[in-house]
Amino acid sequence: MPRKAKLIEIPAIAPLDRQAGSLSRQLSQALRAAVRQGKLQAGDALPSTRALAAALHLSRGTVSIAYDQLIAEGVLTAQPGSGTRVAVIAAGTPPSPPPSGSPNGEPTLSDRAQAFARFAGGLKPLLPAPFTVSLPVGDTAPGDIWRRLGNRVRARGPGAPDGYGDPQGALPLRRAICEYVRQSRSVICTPEQIVVTCGTQQGLYLAAQILLDAGDRAWVEDPAYPGVTALFTTALRDRQMVRVPVGDEGIDVDAGRMMAPDARAAFVTPSHQYPLGMPMSMAQRTALLGWAQEHNAWIVEDDYDSEMRYDGHPFPALQGQDPARVIYLGTFSKVLFPSLRLGYAIVPPALVGAFCGARILMDRHPPNADQYVLAQFMAEGHLARHLRRMRSLYAEKRRVVIDAVSRHIAAGLAELQPCDQGMHMVLWLRRGLDDRHIERLAQEAGVSVRALSPMYAAGHGRSGLILGLGGYGDRQVEQAVITLNQLLQTAQNLRR
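In this text, all values refer to a predicted model and were calculated from it rather than measured experimentally. Per chain, residues are indexed from 1 in the order of the written sequence. Selection of residues for local features in this predicted model requires a pLDDT of at least 70, selection of side-chain atom pairs for listing and counting requires 80 or more, and totals for whole chains, interfaces and linings are taken over all residues. To get the side-chain values, all heavy atoms of the structure are used, and hydrogens and water are removed first.

(A) Highlighting the overall build of the protein. Runs of H or I in DSSP of at least four residues are treated as helices and runs of E of at least two as strands, each being numbered from the N terminus. Looking only at helices and strands, the protein features 15 helices and 14 strands. Accessibility here uses a 1.4 Å probe with only protein chains present; expressed as a share of the type maximum, an area under 20% marks a residue as buried, one over 50% as exposed, and anything in between as partly exposed. The buried share of the protein, reckoned over its 496 residues, is 50%. Residue contacts are counted whenever heavy atoms from the two residues lie within 4.5 Å of one another. For the protein, the share of sequence-separated contacts (at least 6 apart) that also reach a separation of at least 24 residues comes to 73%. With an accessible surface of roughly 24,000 Å², the protein has 53% of that area assigned to carbon and sulfur atoms. Within the protein, the 44 negative side-chain charges are centred at a point lying 7 Å from the centre of the 53 positive side-chain charges. Exposure was quantified through the Shrake-Rupley algorithm and a 1.4 Å probe, taking into account, for residues, occlusion by the shown protein chains and nothing else. Only four residue types enter the tally: Lys and Arg on the positive side, Asp and Glu on the negative side, with His and both chain ends excluded. By convention, the charge on Lys lies at NZ, on Arg at CZ, on Asp at CG and on Glu at CD.

Here is the structure:
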C-alpha cells in the first residue's frame, strides 16, 4: 500500500512587526491566538522549526524559543518522531473576546440574508419515504446504460477533462434538445437558441434577472412553485411580484389584466400547473398570448412534468405559438434523476447573449462530462425508451395511490384532486385542518409530504398535501396512506 504523502501547511497567523522587538514573543502570541480562534485545532501538526523559520524569514532559534514557550504553557506538545502538535487540551481554550460594538462577535445579517435562510429552512429535502416528490421509481433509473455511456464518454471521449466549456452548453446536447422538443413539444427553435442550465431553477433566475428591471412587475401564479416566488422575496426584491389566481383552466388572465396590466413578464406552468396539476386551457393560453402581445411583455414557460401524461395527448408548448415572446424552460432532472442538474432555456435570438452573459457570472458553464453523456443518451434513443417506460410505471403508481386513498382515508377528511398527468397529486384536506401541522407530524411518522398552503399568497392559502408518486413499492404506499389517515383523524378529533 503506498504511503500517504506528509504535508504540513504553514499556519495562518497574524503578521509580525519587526520594529516592535521580541519576534519570538510575537510569534508565540500569534500561534496562541490561532489556537484560540480555531485556525489551529487540537492534534494539528506544526511545521518544523527550520520550515517555519524559512517561511517567515526568521532565525531558527527565534522559532524554537516560541515553540518552547507554548510547550511549557501546554498549548503545544512535542514528542520524538511525531513532531510538534497542538495539544488536545488546547481545544477547550476559550475564544478571544468579540470585537467592540458587536454583542456576539458576528456581523448583523442583512434582511436579504435572513430571507435566504428562511427559504432554505422551508425547502429542505424531504426524508426518503413515501410520498417524496421527484424520487425516481427504481425500475426506471437508467443506471447501467448511463454508467456505460459515462465510462465511454468521460475516459477518452468528448467528456474527458478539458478546459473551459461553452457557457451556452455543449453543441451536441443543444442539437439533441432541439430535436427532442421539436418532436415532443412542438417547440420552434435552433440549437443556437438553447442555453443549457443546471435545472429549471437556474433558468427561472436567469429569466427574472434579464427580463425585469428594478420596479418592473411580473405575474406569478397563485399558488406557485416556491422556487419562483422566493426569487422575488430574496434575490430580486426590487422587482414586484403580482400573484394571479389559478382557476380550473390555469392562470386567470382576466384577473391578471385587472391586477397588473402593465406587467413586463408572466411566469406560468401551462402544461401541468404546479402545484395543482391542471393544464392551461386553450382559451386561457390564447388570452395570455394576446395580453403579452398587446403590452409587449414576455412569457416564461416552465414546462413542468409535460412528459408524464397518462390520458390523451398533451397540449403543445406555448413557445410554438409565439417563439419571439416565450422563454421555454425544461429539465432532465425530473425524468432521469434529480442529482443530474441539467436543464435548458430556449430563448428568442435577441436574448441569447444576455442569457450567456448572466450565466457566466453565475457558474461559467454546466459540467461538461454529463452534457456529453446526456447527448449520447438521447442520440442513441435511450431517452425516448426511458420515457415510455416511465409513463407506464407512473400510471400504475398513480392508480395505486388513488386506490389506497379511496380505501383508507376516512370520508370527509381529505379528497384527491383529479389529475391525469404529472409525478405528484394533491390531497385536499378538510377545512380547519392545518396542512403545515400535518406535514410535521407525517415527517415524524416516516411519511414525506409537502404542505400546499405555503405555496399561496398570504391569506389565500388552502390546506392540502402534495403526494409524490415515485420511488416506493405498493405496500409501502398503502401503509403510508394508513398512517396519514390516522394523523388526520387525530388532528380532527383534537379540534372538537
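(B) Main features of the side chain of His365. Structurally, His365 can be placed in the loop between helix H11 (352-363) and helix H12 (368-379). A relative accessible area of 16% means that His365 is categorised as buried. Polar contact criterion, stated in full: a pair of N or O atoms within 3.5 Å, where within protein one must be able to donate a hydrogen and the other to accept it, and residues adjacent in sequence count only if both atoms are side-chain atoms. Engagement of the side chain of His365 in a polar contact is seen with the backbone nitrogen of Gly165, the distance being 2.9 Å.

(C) The packing of aromatic side chains, seen in detail. Pairing of aromatic side chains here covers Phe, Tyr and the six-membered ring of Trp, requires ring centres within 6.5 Å, and sorts the geometry by plane angle: under 30 degrees stacked, over 60 edge-to-face, intermediate tilted. Per the counting criterion, the structure on display carries nine aromatic pairs. Considering the side-chain rings of Trp146 and Phe337, the 5.4 Å spacing of their centres and the 90 degrees angle between planes classify their relative orientation as edge-to-face. Linking Trp146 in helix H5 (residues 143-155) with Phe337 in the loop between strand S9 (326-331) and strand S10 (343-346), this pair joins segments that are 191 residues apart in sequence. By relative accessible area, which is 9% here, Trp146 ends up buried.

(D) Expanded view of the packing of helix H13 (residues 382-408) against helix H15 (residues 474-495). Axis definition: a line fitted to C-alpha atoms, over the contacting stretch in the case of helices. Angles run 0 to 180 degrees between N-to-C directions. Put simply, H13 and H15 touch, their axes get as near as 9 Å, and they point 35 degrees apart. The crossing of H13 and H15 is right-handed. In contact with Lys397, Val400, Val401, Ala404, Val405, Arg407 and His408 of H13, H15 contributes Asp474, Val477, Glu478, Val481, Ile482 and Asn485. Among the residues making up the contact of H13 with H15, the classes are represented as seven nonpolar, two polar and four charged. Note on convention: near helix rotated counterclockwise from far helix by under a right angle means a left-handed crossing. Clockwise means right-handed. Amino acids outside the nonpolar list (Ala, Val, Leu, Ile, Met, Phe, Trp, Tyr, Cys, Pro) and the charged list (Asp, Glu, Lys, Arg) are all regarded as polar, and Gly is one of them.

(E) Seen up close, the pattern of salt bridges. Salt bridges are defined as contacts in which a side-chain nitrogen from Lys or Arg sits within 4 Å of a carboxyl oxygen from Asp or Glu. Using the criterion set out here, one finds 19 salt bridges in the structure. A salt bridge links Arg217 to Asp262; its shortest N-O distance comes to 2.8 Å. With Arg217 in strand S4 (residues 217-222) and Asp262 in the loop between helix H9 (253-259) and strand S7 (265-268), this pair connects stretches of sequence that are 45 residues apart. With a relative accessible area of 25%, Arg217 lands in the partly exposed category. A residue is classified by how much of its surface remains accessible, and Asp262, at 49% relative accessible area, is partly exposed. Among the charged side chains, a salt-bridge network with shared partners connects Asp403, Arg407, Arg475 and Glu478.

(F) Seen up close, a positive patch on the surface. By definition, no residue in a patch forms a salt bridge, and every one has over 30% relative accessible area; like charges are joined within 9 Å, nonpolar side chains (Val, Leu, Ile, Met, Phe, Trp, Tyr) within 5 Å. Residues Arg385, Arg388, Arg389 and Arg391 make up a contiguous surface patch of positive charge. Following the sequence through the fold, Arg389 ends up in helix H13.

(G) Representation of the sheet that holds S9 in the model. Two strands are counted as paired when DSSP detects at least two bridges linking them. Reading across from one edge, S3-S10-S9-S8-S7-S4-S5-S6 is the order of the eight strands in this open sheet, with mixed pairing throughout. Of all strands in the sheet, those with a lone pairing partner are strand S3 (194-197) and strand S6 (250-251), marking the two edges. Where strand S8 (residues 298-302) lies against S9, four bridges are found, and the strand directions are parallel. Paired with Ile299 across the bridge in S9 is Val326. Here helix H6 (residues 171-185) sits on the sheet and contacts S3, S9 and S10; the angle it forms with S3, its principal contact strand, is near 105 degrees.

Honestly, that's just the spatial picture; any functional story needs more than this.
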